[in-house]
Structure formats: C-alpha cells, structure tokens
Amino acid sequence: MNPSLSLRSTSSFSPPLAPAPPSLSASRLPSHVCLSKCKRSVGRSDLVVRNALSGREHKADGSPSPPNNIFSLEAIGAEYGEGFETFRMDGPLKVDVDYLNNKLQQCFLQRIRHAMKPDEAFGLIFSWDNVVADSHSLKMAAWRQLASEEGKELPNSEHMQRNMLRLSADHVLAKVLFWSREETEIERLKSRLSELYYENLQNLDVPVKGLKEWLDAVYTAGIPCAVVSCLDRRYMVDALDRMGLKKYFQSIVTEEDGMESIAHRFLSAAVKLDRKPSKCVVFEDDPRGITAAHNCTMMAVALIGAHPAYELVQADLAVAKYNELSVINLRRLFGPKETKFMDLQKKIIDKSPPKRKLRVDTI
C-alpha cells in the first residue's frame, strides 16, 4: 500500500476543530474555562492583585478562607545573602542579594536624573505590622474574641500579653495558655483566630499616627514606596483604600507572592521598586525585621513602641513618631559614616626624606 494513501486515509478521521461560535453559552464550556472567566479581579490602578484560589481551603459558602499564617513566627532569611528562586523561560533563576545589587545598577539616564534629584534614587519599604497599621490591637481583639467563644480567660499580665503577640499561635495555645495540645484542635483554633483577625481588619480605616503626613512628604520628593506583609492581597488592598494610602505605594508584597521569609519579602519589594537593595530603607518595629533588612544590605529605621528602644539598637535610626523624620534623614543614612570613639584609626607616619648632612672639608 502506498504510504501517502494510508496517511490521507488516517487523517480523514480527525478533521480540524472549528472555532466555537460566539453565541456559545458559558454553561457549555469546560469547568476550567468557566473558572477563568468568572474570577473577579480585585486589582485597581497600579496595584495588581493576583487571585490565588488554587490550593486554599474554602468556607461553607464557597469563598476562600484567609491564610492562617498571621500568628506564625516567620524566618528572618538571607543570613548568608541567599535570596529566592524565580522561574524564567530558560529555567529557574536563583536571585540573591549580590545578584540584585549587581543587576539593578542605574543606567546612564538614571544616573543623570538621580544626580539632579538624589532622593529618587532611594526606595522605601514599609512593614505592615505596627508601621502602617496598628496590628497589635487587631491581634489582641482577635484573641479576646476567641477566648469569649471558647469560654476561656486571657491573662491580664502585660508580660503574658506581650508573649501572645510575639510568639507563634502554636506555642501560645499549647505552652502559654494551655488550651490544647492536640494538633487538630490547635489548627482549628488557629484558623478561627485568623478569621477573626480578618473580620476586624475589614473595619480598619485609620493608619498609624503621622504616617500619612510622612508619605505625603516622600511622595512629593518622588521616592517610590512599597509595603510588605503576609496578609491576603485582597484584604490588604481594601485596607489601604479605606485608609487613603493606596496612591502612595507603587508596589505591595503579600502572601500570594510566595516568599518564605522576611528578607525574601524585602528583596521582592526591591525588585518591584526597581531599586537595588543597598539603596532601600526598611521601616520596621521588630528586631527580627531589622536583622532581615541588614542581611539584605538595606538600611533600617525602627519605630519605638511595640518594642522598647534598647531592643532596637541595631537599627540605623530609631524614632518614636513619624513627625521626627525628614527627607534629609534619608540622605544622611547613605552619607559618609562618622568616626566613633575607640574605632581603629590608621596612624599617619610622616615619611619626609632625611636632611642632608653637611661635612666640612679639612684638607
């Protein structure tokens, strides 16, 4: 048999598929196509919101349940300058601190612009907890509501309440409050605690005192800003919109970005701001976040409040309120470092040539 004839005969059984008519209803489409058409975009203007329904548990009404990693203790990250892994068409790409400092160098036109406007060369990264919003009050309200639902009592000691806010929910439930030691019960309580936090977050409409005025000054100077958190992106964008802060942040890093540590969130924010890490300033209130910023070669400004000043000594600058800051403070952070007492100094040795000895001729 002629092979060309057999090829034509077999191809005659699989005619090309015709495109679907435009009047085809959505109910007759496959399920995965319907899902992609029915997803609601929550992003507005320059804040791109990515839907992350896959792999997440859902409530009884079908809506995705919020992630319960708010009350967990995140890793600091980048202890040795390591970064995160991203994917490209030619394969995975490992992005670390040195790689970003090298690749995000300023081009010729940017150097000229930043020479005329030096403030625009910086990038500001704000942590969400107690820097943008009063998250400690939200967390304590969630703990009180959970205790009321479970018929428990919370300790009145400041030391105990401080541990409840700083430690992970697993440790607090099992070893601080002694509510349960079973994993299933602890997971249920953690999930309910996160739901209560997000319910309280939907009523938040006031930022930290002085933040809006500081962001106004930074916005006037043309310095790009980013906010990082482990929150769900939908709730965070809505909260920024209610507080009137959305226009100040050019990028946000949330739970959907898939970062595994605090330092990775800072590096992701630097990439989104198009600023190398060594030109970024992190605003934090936690010593762990300050350590993560220094691991990323970033400067750190600490807000005194949730932690006392003596726990924030490693920060490059510590302030009690935002009204103590000015754009000049940012320039001084990257200026020449002043010498301090007891620092090793090089001793300047005068190496002048020896004088010529004159001798008297006695002949």
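Residues numbered from 1 in each chain as written. Predicted model: local features only at pLDDT ≥ 70, side-chain atom pairs only at ≥ 80, totals over all residues. Heavy atoms only, no water.

Asker: What is the right way to read the sheet that holds strand 8 (residues 317-319) from this model?
Answerer: Here we have six strands laid out as an open sheet, ordered 5-4-3-6-7-8, and parallel in their pairing. Of all the strands in the sheet, the pair left with one neighbour each is strand 5 (251-253) and strand 8. Direction aside, the axes of adjacent strands within the sheet are offset by 20° on average. Each of strand 3 (123-127), strand 4 (225-228), strand 5 and strand 6 (280-284) is contacted by helix 11 (residues 262-273), which is oriented at about 160° to strand 5, the strand it contacts most. (Pairing = 2+ DSSP bridges. Helix = DSSP H or I, 4+ residues; strand = E, 2+ residues; numbered from the N terminus. Axes fitted to C-alpha atoms, helices over the stretch in contact; angles between N-to-C directions. Contact = heavy atoms within 4.5 Å.)

Asker: Teacher, can you tell me more about the confidence of the model for the protein here?
Answerer: Low pLDDT marks regions whose predicted coordinates should not be analysed in detail. When pLDDT is averaged across the protein, the result is 78; 73% of the residues are at 70 or more. When mean pLDDT is compared element by element in the protein, strand 4 scores highest at 96, while helix 2 (residues 31-38) scores lowest at 39. A low-confidence stretch, residues 1-55 (pLDDT under 50), is modelled with 29 contacts involving residues beyond four sequence positions or located in other chains. (pLDDT = per-residue confidence, 0-100.)

Asker: What should I look at first to understand the side chain of Glu284 in this one?
Answerer: Tracing the chain through its elements places Glu284 in strand 6. Although Glu284 is buried, it makes no salt bridge; Arg288 carries the closest opposite charge, 8.8 Å away. In this structure the side chain of Glu284 is engaged in a polar contact, spanning 3.3 Å, whose partner is the side chain of Ser127. Excluding residues within four positions of it along the chain, Glu284 makes contact with Ser127, Val131, Phe266, Gly289, Ile290, Val301, Ala302 and Leu303. (Buried < 20%, exposed > 50% of the residue type's maximum accessible area, 1.4 Å probe, protein only. Lys, Arg positive; Asp, Glu negative; His and termini not counted. Salt bridge = Lys/Arg side-chain N within 4 Å of Asp/Glu carboxyl O. Polar contact = N/O pair within 3.5 Å; in protein donor to acceptor, adjacent residues only side chain to side chain.)

Asker: What is the right way to look at unusual backbone geometry in this model?
Answerer: For residues besides glycine, phi is generally negative; the peptide bonds are generally trans as well. For Ala78, which is not glycine, the phi dihedral falls at a positive 60°. With respect to the helices and strands, the residue Ala78 is situated in the loop between helix 2 and strand 1 (84-88). In this structure Ala78 comes out as buried when scored by relative accessible area, which is 1%. Positive phi values are uncommon outside glycine, yet Phe178 reaches one of about 55°. Relative to the helices and strands, Phe178 resides in the loop between helix 7 (169-176) and helix 8 (183-201).

Asker: In this structure, what is going on with the packing of helix 7 against helix 8? I would like to understand it.
Answerer: Two quantities define a packed helix pair, namely the angle between the helix axes and the distance between the axes. Where helix 7 meets helix 8, the axes come as close as 10 Å, and the angle between the chain directions of the two elements is 125°. Compared by their axis directions, helix 7 and helix 8 come out oblique. The two elements helix 7 and helix 8 meet at a crossing, and its hand is right-handed. Together, Ala169, Asp170, Leu173 and Ala174 of helix 7 and Ile186, Leu189, Lys190 and Leu193 of helix 8 make up the contact between the two elements. Looking at the contact of helix 7 with helix 8 residue by residue, the classes come out as six nonpolar, no polar and two charged. (Parallel < 35°, antiparallel > 145°, perpendicular 65-115°, else oblique. Left-handed = near helix turned anticlockwise from the far one by under 90°. Nonpolar A, V, L, I, M, F, W, Y, C, P; charged D, E, K, R; others polar.)

Asker: How should the pattern of salt bridges be read in this particular structure?
Answerer: Opposite charge on two side chains allows them to pair when their charged atoms are near. Going through the model one piece at a time under the given rule, you end up with 13 salt bridges. The residue Glu149 makes a salt bridge to Arg192 at a minimum N-O spacing of 2.7 Å. Highlighted residues: Glu149 in helix 5 (residues 135-150) and Arg192 in helix 8, separated in sequence by 43 residues. The class of Glu149 is partly exposed, set by a relative accessible area of 43%. The shortest N-O distance in the salt bridge between Asp232 and Arg234 comes to 3.6 Å. Among the charged side chains, a network of salt bridges with common partners joins Glu149, Arg192, Glu195 and Glu199.

Asker: I'm lost on helix 8 in this one. Help?
Answerer: Think of an α-helix as 3.6 residues a turn; residues three or four steps apart then line up on the same face. Here helix 8 is 19 residues long and its end C-alpha atoms lie 27 Å apart, about the 27 Å a rise of 1.5 Å per residue gives. Residues Ile186, Leu189, Lys190, Leu193, Ser194, Leu196, Tyr197, Tyr198, Asn200 and Leu201 constitute the buried set of helix 8. If you follow the buried residues of helix 8, they end up packed against helix 5, helix 7 and helix 10 (233-243). (Expected span 1.5 Å × (residues − 1).)

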